[in-house]
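# Examining the three-dimensional arrangement
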Amino acid sequence: PVLCDNHAANAVLTYYRQRALQKQIPLSIHVSLPAELKLEAWNLGVLLGNLLENAFEASEKLPQELRSVKIYAKIAKGNLLITVKNHWNGEFTVLEDRIYSTKHEGAGIGLESVNKVVEKYQGVMKVEYDKTYFTVCVMLNAQTKP
């Protein structure tokens, strides 16, 4: 099924939609991206794939009734906005502004990969969390093609 006009985003979303069905994780997709962006397709894949992978892994640690992943993405005033929000268990470590992995020793690779793309495109990444939700918001400047 076509979930988004952008082929790269559609491929990632289709994969995670199928995975959500298999893993019984409620997935809410609100993505409206044009077919053409200045952002290369593989960088969009890095952003969406890493954000969704982290959200799914956090959700899988929870009881079935608490699992939830939501993704929002759109163009607003020419800027690409992406938000991924998920329930989580509230467990992680932050040292020197780096979030450390719950799967292995050292810093997490997923958010670091997202941050590298954000920096490349002079964007902003914001991570927010409380006891219930973990949210990552990304904004990349002027991503629509003229």
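Structure's up top.
For the structure given in this document, a descriptive report is provided here. (Residues numbered from 1 in each chain as written. Predicted model: local features only at pLDDT ≥ 70, side-chain atom pairs only at ≥ 80, totals over all residues. Heavy atoms only, no water.)

## Re the packing of aromatic side chains
Within a pair of aromatic rings, the relevant descriptors are the distance that separates the centres and the angle that separates the planes. If you walk through the whole model with that rule in mind, you get 5 aromatic pairs. On the numbers, 6.0 Å between centres and 70° between planes, the contact of tryptophan 88 with tyrosine 129 is edge-to-face. Pair noted here: tryptophan 88 is in the loop between β3 (79–87) and β4 (93–95) and tyrosine 129 is in strand β6 (residues 124–129), with a separation of 41 residues, a long-range link. Summarising the aromatic geometry, the rings of tyrosine 129 and phenylalanine 134 are spaced 6.1 Å apart at their centres and angled 10° between planes, so their arrangement reads as stacked. Using a relative accessible area of 45% as the deciding quantity, one classes tyrosine 129 as partly exposed. The exposure class of phenylalanine 134 is buried, given its relative accessible area of 12%. Grouping aromatic residues by their ring pairs yields a cluster made of Tyr15, Tyr16 and Phe56. The aromatic ring of tyrosine 133 is capped on one face by lysine 85, whose charged end is 4.4 Å from the ring centroid. (Phe/Tyr/Trp six-rings, centres within 6.5 Å; stacked < 30°, edge-to-face > 60°. Helix = DSSP H or I, 4+ residues; strand = E, 2+ residues; numbered from the N terminus. Buried < 20%, exposed > 50% of the residue type's maximum accessible area, 1.4 Å probe, protein only. Lys NZ or Arg CZ within 6 Å of the ring centre and 35° of its normal.)

## A closer look at the sheet that holds strand β7 (residues 133–140)
Here we have 5 strands laid out as an open sheet, ordered β1-β2-β3-β7-β6, and mixed in their pairing. Of all the strands in the sheet, the pair left with one neighbour each is β1 (27–32) and β6. Across the sheet, the mean angle from the axis of one strand to that of its neighbour is 10°, orientation sign disregarded. As paired strands, strand β2 (residues 69–76) and β3 are joined by 8 bridges and run antiparallel to one another. The residue bridging tyrosine 72 from the neighbouring strand is threonine 83, located in β3. Across the sheet, helix α1 (residues 7–23) lies against β1 and β2, angled at about 165° from β1, the strand it touches most. The sheet contacts of helix α2 (residues 41–60) involve β1, β2, β3 and β7, and relative to β3 the element is tilted by about 15°. (Pairing = 2+ DSSP bridges. Axes fitted to C-alpha atoms, helices over the stretch in contact; angles between N-to-C directions. Contact = heavy atoms within 4.5 Å.)

Such coordinate-based values are descriptive only and should not be taken to indicate function.
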